[in-house]
Amino acid sequence: IMEFFKTYHEVVMKAMENATKTNEDAIEKGAKLMADAVQNGHTLYTFGTGHSHMIGQDVYARAGGYAKIYPIIEIEMTLATHPTKSTHVERTAAYADVLDVLYHIEDGDVIIATSNSGRNPLVIEYMMRAKAKGAKIIAITSLSHSKTIKSRHESGKRLFELADVVLDNVAPYGDAGVDIDKETRMGPISTLTGCYLAQLLMGCFVEDLKQRGVDAPVFKSSNMDGADAYNQKLFDAYVIKK
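The structure displayed is predicted, hence computed values, not measured ones.

Draft legend 1. Layout of the overall build of the protein. On a plain count of helices and strands, the protein comes out with 10 helices and seven strands. At 18 Å, the protein has a C-alpha radius of gyration in line with the 18 Å of a compact globule built from 242 residues. On the principal axes, the C-alpha backbone points of the protein span a range of 55 × 45 × 35 Å. Counting only residues that meet the buried cut, the protein has 47% of its 242 residues in that class. Contacts in the protein between residues far apart in sequence, at least 24 positions, make up 77% of those at least 6 positions apart. Roughly 12,300 Å² of accessible area belongs to the protein as shown, and the carbon and sulfur atoms make up 53% of that amount.

Structural data, given as structure tokens:
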């Protein structure tokens, strides 16, 4: 078997274990923050650009996914139409003006914001605006990366410095975890641990809601018999808030 196969497996398993141990208290705190918000009639959002947008997408409108969470995402923030467009967008603080028109963040809402580096102007600008409106921020980021680099936002802030709760994805500086040779490093970590942490957060949050006796609608797989009708009721009841 090739060396990368074995090494990447070891790196990923170690990262998952570290992410679990490192974030236990933060997951509990974040889940409670979200449950308090929902119980008080507020809204949950996700935010991310580039590959980081996938963490928010992974908890949205899917089998086993909580039905009342809404992604703050536009196609320009993804890699769907051009590989570098999202890089330019995430470095443009003024794009927050566009998001402010499309999404109405309010006092008491909670945003799960994902950025591996936590340094780019858009995520900082938009989270600063959200905090000014009274929203709470749960960050999913790499502390080992973010703490070693400077912010690109004029404030000098990085995402972990703005967050009410920080989930460390334990990805290494540069994200890729395995050296192929002196010039080549592969095996990214952040998406794997980021999705894992987000699902831990959502599961603990829904568990908390149910323990409080609060409605917690969760989608079923559309490939299960009878699930379409069940899911349609949730789609009809909970539309994207803009």
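There's plenty left to go through after this.
Draft legend 2. Molecular detail of the sheet that holds strand E2 (residues 69-72). If you trace the five strands from one edge of the open sheet to the other, you get E2-E1-E3-E4-E5, paired in parallel fashion. Unpaired on one side and paired on the other, E2 and strand E5 (165-168) mark the two borders of the sheet. Shown here is a sheet whose adjacent strand axes are inclined to one another by a mean of 20°, direction ignored. Strand contacts of helix H2 (residues 24-39): strand E1 (44-48), strand E3 (110-114), strand E4 (136-141) and E5, with the helix running at about 135° to E5, the strand carrying the most contacts.

Draft legend 3. Spotlight on the packing of aromatic side chains. All chains considered together, the criterion is met by five aromatic pairs. One cation-aromatic arrangement involves Lys-147 over Phe-160; the distance from NZ or CZ to the ring centre is 5.8 Å.

Draft legend 4. Geometry of the pairing of strand E6 (residues 176-179). The sheet contact formed by E6 and strand E7 (residues 185-188) spans three bridges and is antiparallel. Along E7, the bridge assignment pairs Asp-179 with Arg-185. Hairpin connection between E6 and E7: a loop of five residues separates the two successive antiparallel strands.

Draft legend 5. The nonpolar core, seen in detail. Of all hydrophobic cores here, the largest spans 28 residues; its most connected members are Met-34, Leu-44, Tyr-66, Leu-167 and Phe-205. Where this core is concerned, the elements lending two or more residues are H2, E3, E4, E5 and helix H9 (190-212). Top element by residues in this core is H9. It accounts for eight residues. Leave out the neighbours within four places in its chain, and Leu-44 touches Met-34, Ala-37, Val-38, Tyr-66, Lys-68, Ile-69, Tyr-70, Val-110 and Phe-205. Formed by 26 residues, the second largest nonpolar core is a distinct cluster that contains Phe-47, Ile-111, Ile-137 and Ala-163.

Draft legend 6. Layout of the pattern of salt bridges. Evaluated as defined, the whole model comprises 12 salt bridges. The closest approach of N and O atoms between Glu-17 and Lys-21, which form a salt bridge, is 3.8 Å. Here Lys-21 and Glu-17 lie together in helix H1 (residues 3-22), a separation of four residues that amounts to about one turn. Taking relative accessible area as the criterion, Glu-17 reaches 41% and is therefore assigned partly exposed. Overall, Lys-21 belongs to the exposed group, its relative accessible area being 61%. Taken together, the salt bridges that share partners define one network made up of Asp-97, Asp-100, Glu-125, Arg-129 and Lys-133.

What counts, and where the lines are drawn
Residues numbered from 1 in each chain as written. Predicted model: local features only at pLDDT ≥ 70, side-chain atom pairs only at ≥ 80, totals over all residues. Heavy atoms only, no water. Helix = DSSP H or I, 4+ residues; strand = E, 2+ residues; numbered from the N terminus. Rg over C-alpha atoms; globule rule 2.2 N^0.38 Å. Buried < 20%, exposed > 50% of the residue type's maximum accessible area, 1.4 Å probe, protein only. Contact = heavy atoms within 4.5 Å. Areas by Shrake-Rupley, 256 points an atom, 1.4 Å probe, with all protein chains shown as cover. Pairing = 2+ DSSP bridges. Axes fitted to C-alpha atoms, helices over the stretch in contact; angles between N-to-C directions. Phe/Tyr/Trp six-rings, centres within 6.5 Å; stacked < 30°, edge-to-face > 60°. Lys NZ or Arg CZ within 6 Å of the ring centre and 35° of its normal. Core = buried A, V, L, I, M, F, W, Y, C linked by side-chain atoms within 4.5 Å. Salt bridge = Lys/Arg side-chain N within 4 Å of Asp/Glu carboxyl O.

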